[in-house]
Structures are given as C-alpha cells and as structure tokens.
Amino acid sequence: GRTYHVVKREDGKWQVKFAGGQKAIKLFDTQAEAIEYTKKMAANQDGAMLVHNSKGKNKGKIKSK
C-alpha cells in the first residue's frame, strides 16, 4: 500500500501527499480534517498514514487495515 503524509505548510494549511510526492493531493484548514480524509484514503488503498507535527517531525504512524 501507499503511505500518505499529513504535513502542515508554511501558510498554515494542512496538506496530504504521497511519500516522495511533490504536489499535495488535497489541502485542509485543520489537521483533524486532513487526518479524517487521509484515514479513508489509506483504508481504501490498504496504505498507511504518517502525521507530522507543525515542525515537521514525525508525530506517529498509523497503519490502516
């Protein structure tokens, strides 16, 4: 499966993108919205979600089934 990253951008928006991807798949105003969307995407693709805190450090990896 693919790994999706949830990362805060410099402009304050939260973006969802693939590991190694350059472009955002989708942008959100809040981290909660981005995580909810990414959970669904990861579940549909048998993938994983990696959430980064606002400083870019790894916050935690959640494996979806």
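Remember, predicted model here, so these are calculated numbers, not experimental data. (Residues numbered from 1 in each chain as written. Predicted model: local features only at pLDDT ≥ 70, side-chain atom pairs only at ≥ 80, totals over all residues. Heavy atoms only, no water.)

Caption draft 1: Broad picture of the nonpolar core. Ranked by size, the top nonpolar core spans ten residues in total: Tyr4, Val6, Trp14, Val16, Phe28, Ala34, Ile35, Ala42, Met49 and Val51. When contributions to this core are tallied by element, the ones reaching two or more residues are β1 (3–8), β2 (14–18), α1 (31–44) and β4 (48–52). With three residues, the top contributor of residues to this core is α1. (Core = buried A, V, L, I, M, F, W, Y, C linked by side-chain atoms within 4.5 Å. Buried < 20%, exposed > 50% of the residue type's maximum accessible area, 1.4 Å probe, protein only. Helix = DSSP H or I, 4+ residues; strand = E, 2+ residues; numbered from the N terminus.)

Caption draft 2: Examining the environment of Leu27 more closely. Take Leu27: it is sitting in strand β3 (residues 26–28). You can call Leu27 partly exposed: its relative accessible area is 39%. Apart from the residues within four sequence positions on either side, Leu27 is in contact with Arg9, Trp14 and Gln15. (Contact = heavy atoms within 4.5 Å.)

Caption draft 3: How the structure looks around the pairing of β1. Across four bridges, β1 lies against β4 in parallel orientation. Within β4, the position partnered with Val6 by the bridge is Val51. Where β1 meets β2, five bridges bridge the pair, whose relative direction is antiparallel. Bridge pairing links Tyr4 to Phe18 in β2. The hairpin turn running from β1 into β2, its antiparallel successor, is five residues long, and Gly12 in that turn takes a positive phi close to 95 degrees. (Pairing = 2+ DSSP bridges.)

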